[in-house]
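# Close look at the chain arrangement
As a plain string of letters, each chain reads:
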Protein chains: 2
Amino acid sequence: MRPYDPESLHIYDTTLRDGTQQEGLSLSVADKLAVARHLDDLGVGFIEGGWPGSNPKDAEFFRRAQTELNLRGAKLAAFGSTRRASKTAADDPQVAALREAGTPVVCLVAKSDRRHVERALRTTLAENLAMIRDTVEHLRAEGKRVFVDAEHFFDGYRVDEAYGLEVVRTAAEAGAEVVVLCDTNGGMLPTQIGDTVRAVLDASGARLGIHCHDDSGCAVANSLVAVQAGVTHVQGAANGYGERCGNANLFTVVAGLETKLATPVLPAGRLRELVRVSHAIDELTNSAPDTHRPYVGASAFAHKGGLHASAVKIDPDMYQHIDPAVVGNDMRMLVSELAGRATIELKGREFGLDLSDEKEALGRIVELVKEREASGFAYEAAEASFELLLRDEVYGPERYFTLDSWRVIVEQRPDGEVVSEATVKLETRGERHVSTAEGNGPVNALDKALREALAKAYPGLKAVDLTDFKVRILDGQEGSGAITRVLVETTDGQTRWDTIGVDENIIAASWQALQDAVTYGLRRQNEVPDPDAV
Amino acid sequence: MRPYDPESLHIYDTTLRDGTQQEGLSLSVADKLAVARHLDDLGVGFIEGGWPGSNPKDAEFFRRAQTELNLRGAKLAAFGSTRRASKTAADDPQVAALREAGTPVVCLVAKSDRRHVERALRTTLAENLAMIRDTVEHLRAEGKRVFVDAEHFFDGYRVDEAYGLEVVRTAAEAGAEVVVLCDTNGGMLPTQIGDTVRAVLDASGARLGIHCHDDSGCAVANSLVAVQAGVTHVQGAANGYGERCGNANLFTVVAGLETKLATPVLPAGRLRELVRVSHAIDELTNSAPDTHRPYVGASAFAHKGGLHASAVKIDPDMYQHIDPAVVGNDMRMLVSELAGRATIELKGREFGLDLSDEKEALGRIVELVKEREASGFAYEAAEASFELLLRDEVYGPERYFTLDSWRVIVEQRPDGEVVSEATVKLETRGERHVSTAEGNGPVNALDKALREALAKAYPGLKAVDLTDFKVRILDGQEGSGAITRVLVETTDGQTRWDTIGVDENIIAASWQALQDAVTYGLRRQNEVPDPDAV
């Protein structure tokens, strides 16, 4: 076990620069500041804030960062490129922006593939080296710590090893603290990365870093193999954001270093913030969290029940690569047609219910779940509906209203306009309510009508909103008469829950899911069920 | 460059078994058959269809596969476990199901971690070896090719190398053709995989395979490193489906082997089908395609414009790890979208239309497709709708009727019964028709009403049937008001065609798809359009 030292192994986050190259991802300055705070909470060593010489938003970020961002431990870095071929470093406005960004660290991108020097930069190999030397020396003289990103390093090294090495040596001799070998096009495999890192380390003696992209699906592995081969600086982006297939997911790399390679790279105890920080940054970037993401995904430690459930209960370590609590995640048992009593008992525990003495109810629930799943239900995707079913079976049904009838009308009128209207008739707390609502679709109209009918008796429902709606046609070989499964996600602003409905009629399936969503919401608000409701 | 030989390096797909363990993923038997056909089109060597001894759905799959699945090249495998501790292999009903599955190949899972033998299986180490030996020998005697999945191999090998090796040797000596080392918990890193594979290969001399999960974010890298270390059988799942963080993405592995390791593993030319097959399987599993997926993602070769745009155009190879056409993908410029006149001209040729002189129409179509796709259409999944759009633009619209209005009513009556009724009013060939029909759902009712309204003018429509109906909610963060995409599959008994509709209202989207389906069917029957229709 290495001791924790953020300087001996750099964790360098480039979410705010390279990560924002992701298609469709765009952050305001306020968003960028918020992301930086989350990364600092997690405990990364360096946060690259942007390229102040390339756009006004990044320049503003660095201005505001100086007063608004009180980092606990992370050091801020400004990104830029070596001076232009025609200028001195001191006279280059892009370099000036780096000088003035107010950061202790500057990361300079430099060409290291001779083809890019000659064909894209259109200068000589010697001038490119001079550009690197001048710019590094200039910024060092200005008191900056300088890291150099050797762009396209691995591709270039395959074509001209000697030139790649000269770039590394030139940068290091000029005072660059780290030379970062970049797989800019992202096509490398771990064996190539390991071999090249070892060779460059031997030949140059420079301190090396790694920067990977995921175009071959190996970015995380490539980063870890590079550390094993001797680099002491790792770049990546939160949640693997980035252009094309993304940058190396820095969170996966950090978790790998800490849990697999006995290399603490965050302050003690911070790894437990990983799930929270990952999800918080997804929120800020408006990305739907990938539930299958290593370590942090909602499914990352989810086990399908069946045969193994009892074994998982006794020996969770035999079925998990790490203890999920280490990264702030939880083991989840998925309820499915394969579930047995043990799974359901464990699931009950997640809901705060002790079912260890409820043998008979557990047996009934197992049968019910099997039957329902066979007819198209999928409770693993709708835990709120499952919790309602479970409580119904153990404690008896809890109902908040008695439905009389509902009706949905959708029509395209002769003028081409399409309108949706729904009517719900129900009784609750001794009163009958009839509500009609229009919506932009039949389910939206039905949802509105249901809430309106309940609004008087349960005003707290105002805080409850439908946030997602999914439809799946099952066994689609029978035309539009096939079974439809509807999943609804609902929120009260604090938490989200998923409910399900299954019917050959899509509107009837939606109704079931909406009804469960509302019932679950009322339960969460500690509303007392209507004793007369059936 | 190795020559292509599907037997010397097995590409073994487990989408239909291990892939379906993914949370929320559930496939009907018809879906499973369709996925198998796509995998066969791609050219994988082996397709694991399921576990016939564990559930009736998988047993039905193997029954239907024998008559309905005419695989071009792939071999079907049935998955099962070694016999129970108490039974002989011949008497074990689970083994019998494997015998009777009608597949040339059987893949047996065997415990290879002593802790799992002792604590989960609760038998002796010797009995576990006997179970492996007996079951392999029994199935070999029945004429099956047998592969053995050594479950939890890498975790077990760290605890007890000797026992892991004994499992490998026992399986190989009993006649297993390949012993597959499984990283069942998915926590391994490439260096561990490479070292262990080499050691086991040296010590056992057995033919080895690899089966990885992505819990450490290294499944693809681990699979490739294992091949470099000497395994000659690779298991994975389409699009990386699977429990927790998923199985190794077989498509990424295959692309890596072919493009990075000079190892052809698909029949010549098939790699170009990769994008199409990946997306088609996403459609069948109702998964939103991950746009950032290596090789096949819509963003995988998308370059943000700016400084590099012109350089990328001149020297694309300097900015891409491979030529995207090799995997059936395209380079995309995100600022100045490179339009696809050539693609559309080629597509027209597929429909029997020569568009080489239709420069202006092609330009309009490119714009229209861009606009429609941006609003949620996906023409690659609905070629019939695309053909109609193309003909409309080139030859002018062909209409068979003029819609006046439609209306759908769905209601749950006080007695609990749900009924759906639709009315369609239209004019065709100078006559007005008003039809009302009931159905088991709103779309079914609408479909019936539309055909009834057209029945008199076009009696040939009787032969046309709706066979599949799929719904996808796009941009699901706006609740039930999100955009809905409906895909309809229709047949006339000879051929099938797919049409699409997109609207915020699910019924309106369905109407569009139904209208296209009927129009395309009438065109196929060489009906003359109604000259008065608009």
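Residues numbered from 1 in each chain as written. Chains lettered and ligands numbered in written order. Predicted model: local features only at pLDDT ≥ 70, side-chain atom pairs only at ≥ 80, totals over all residues. Heavy atoms only, no water.

For chain A, an unreviewed UniProt entry supplies the name Citramalate synthase and the organism Pseudofrankia inefficax. A UniProt comment under Sequence similarities (unreviewed entry) is attached to chain A, and it reads "Belongs to the alpha-IPM synthase/homocitrate synthase family." The heading Catalytic activity (unreviewed entry) in the UniProt record of chain A holds the text "pyruvate + acetyl-CoA + H2O = (3R)-citramalate + CoA + H(+)". (UniProt positions renumbered as here; feature names shortened; annotations may be inferred.)

### Some details on helix α15 (residues 383-395) of chain A
All names here are of chain A. In a regular helix each residue adds 1.5 Å, so 13 residues correspond to 18 Å; α15 covers 18 Å between its end C-alpha atoms and thus fits that length. Residues of α15 that are buried include every one of Ala384, Ser385, Phe386, Glu387, Leu388, Leu389, Leu390, Arg391 and Val394, and no others. On its buried face, α15 is in contact with α13 (341-350), α14 (359-374), β16 (496-503) and α17 (506-524). Looking one or two residues past α15, Gly396 carries a phi angle of roughly 90 degrees, positive in sign. (Helix = DSSP H or I, 4+ residues; strand = E, 2+ residues; numbered from the N terminus. Expected span 1.5 Å × (residues − 1). Buried < 20%, exposed > 50% of the residue type's maximum accessible area, 1.4 Å probe, protein only. Contact = heavy atoms within 4.5 Å.)

### Some points on the interface of chain B and chain A
With 101 residues of chain B at the interface, the matching set in chain A holds 97 residues. Both faces considered, chain B and chain A share a buried interface measuring about 8100 Å² in area, 52% of it formed by carbon and sulfur atoms. At the boundary of chain B with chain A, the tally comes to two salt bridges. Residues Arg119(A) and Asp315(B) are paired through a salt bridge, measuring 2.7 Å at the closest nitrogen-oxygen approach. Where chain B packs against chain A, one counts 22 residue pairs in polar contact (both at pLDDT 80 or more). If one sorts the elements of the side of chain B that touches chain A by residue count, strand β11 (residues 402-412) of chain B sits on top with ten residues. Tallied by class, the residues present in the side of chain B that touches chain A amount to 38 nonpolar, 37 polar and 26 charged. Of the pairings in the sheet, the one linking strand β11 (residues 402-412) of chain A to β11(B) comprises seven bridges and is antiparallel in character. Along β11(B), the bridge assignment pairs Val408(A) with Val410(B). (Buried area = accessible area lost by both parts, 1.4 Å probe. Salt bridge = Lys/Arg side-chain N within 4 Å of Asp/Glu carboxyl O. Polar contact = N/O pair within 3.5 Å; in protein donor to acceptor, adjacent residues only side chain to side chain. Nonpolar A, V, L, I, M, F, W, Y, C, P; charged D, E, K, R; others polar. Pairing = 2+ DSSP bridges.)

### So, the domain arrangement of chain A
Residue and element names in this part refer to chain A. Splitting chain A by domain gives domain 1 (10-284), domain 2 (302-380) and domain 3 (402-524). A straight line from the C-alpha centre of domain 1 to that of domain 2 covers 43 Å. The partner domain 2 presents seven residues to the seven residues of domain 1 that form the contact. Each partner contributes to the roughly 530 Å² buried at the junction of domain 1 and domain 2, and carbon and sulfur atoms together form 63% of this total. Counting the surface domain 1 buries against domain 2, the share from its top three residues, Lys260, Arg272 and Val275, is 63%. Viewed at the interface, domain 2 and domain 1 are joined by zero salt bridges. Across the contact surface, domain 1 and domain 2 share three residue pairs in polar contact (both at pLDDT 80 or more). Those elements that provide at least two residues to the side of domain 1 that touches domain 2 are α10 (250-260) and α11 (274-284). The dominant element in the side of domain 1 that touches domain 2, judged by the number of residues it contributes, is α10, at three residues. Class assignment of the residues belonging to the side of domain 1 that touches domain 2 gives a composition of four nonpolar, one polar and two charged. (Domains from an automatic or database assignment.)

### Digging into the sheet that holds β11(A)
Read across the sheet, six strands follow the order β13(A)-β12(A)-β11(A)-β11(B)-β12(B)-β13(B) without closing on themselves; strand pairing throughout is antiparallel. Pairing within the sheet leaves two strands with one partner each, and these edge strands are β13 (431-439) of chain A together with β13 (431-439) of chain B. Ignoring which end each strand starts from, the neighbouring axes of this sheet average 10 degrees apart. Of the strands in this sheet, β11 and β12 (418-428) of chain A together with β11 and β12 (418-428) of chain B are in contact with α17(A), which crosses β11(A) at around 135 degrees. (Axes fitted to C-alpha atoms, helices over the stretch in contact; angles between N-to-C directions.)

### So, the packing of helix α7 (residues 161-174) of chain A against helix α8 (residues 190-204) of chain A
All names here are of chain A. Look at α7 against α8: their axes get within 10 Å of each other, and the N-to-C directions meet at 55 degrees. Judged by the inter-axis angle, α7 sits oblique to α8. In this structure, α7 meets α8 at a crossing whose hand is right-handed. Of α8, the residues touching α7 (which contributes Leu165, Val168 and Arg169) are Val200, Ala203 and Ser204. Taken together, the residues of the contact of α7 with α8 sort by class into four nonpolar, one polar and one charged. (Parallel < 35°, antiparallel > 145°, perpendicular 65-115°, else oblique. Left-handed = near helix turned anticlockwise from the far one by under 90°.)

### Quick look at the packing of α14(A) against α15(A)
All names here are of chain A. For the pair α14 and α15, interaxial distance at closest approach is 10 Å and the crossing angle is 140 degrees. One element, α14, and the other, α15, form an angle in the oblique class. Crossing hand, α14 versus α15: right-handed. From α14, Ala361, Arg364, Ile365, Leu368, Val369 and Arg372 reach across to α15, where they touch Phe386, Leu389, Leu390, Glu393 and Val394. Classifying every residue of the contact of α14 with α15 gives eight nonpolar, no polar and three charged.

### Brief notes about unusual backbone geometry
For residues besides glycine, phi is generally negative; the peptide bonds are generally trans as well. Residue and element names in this part refer to chain A. Unlike most non-glycine residues, Ala262 shows phi in positive territory, near 50 degrees. Following the sequence through the fold, Ala262 ends up in the loop between α10 and α11. Judged by relative accessible area, which is 32%, Ala262 ranks as partly exposed.

### Brief notes about the side chain of Asp183(A)
Residues and elements named next belong to chain A. Locating Asp183 in the fold gives a position in strand β6 (residues 178-183). Among buried charged residues, Asp183 stands out as having no salt bridge; its nearest opposite-charge side chain is Arg244, 7.2 Å away. Looking at Asp183, its side chain comes within polar contact range of the main-chain nitrogen of Met188, at 3.0 Å. Discounting chain neighbours no more than four positions away, the residues touching Asp183 are Phe154, Met188, His211, Cys212, His213 and Asn222. (Lys, Arg positive; Asp, Glu negative; His and termini not counted.)

### Some thoughts on the confidence of the model for chain A
Here chain A averages 91 in pLDDT, and 96% of its residues register 70 or above. Two summary scores accompany this predicted model of the complex, namely pTM at 0.75 and ipTM at 0.76. (pLDDT = per-residue confidence, 0-100.)

### Re the pattern of salt bridges
Residue and element names in this part refer to chain A. By the definition in use, this model includes 71 salt bridges over all chains. Here Glu383 ties to Lys347 by a salt bridge, and the two come within 2.6 Å at their closest N and O atoms. In this pair, Glu383 is assigned in helix α15 and Lys347 in helix α13, connecting sequence segments 36 residues apart. The exposure class assigned to Glu383 is partly exposed, which follows from its relative accessible area of 22%. Overlapping salt bridges, with partners in common, bring together Glu7, Lys75, Arg145 and Glu177 in one network.

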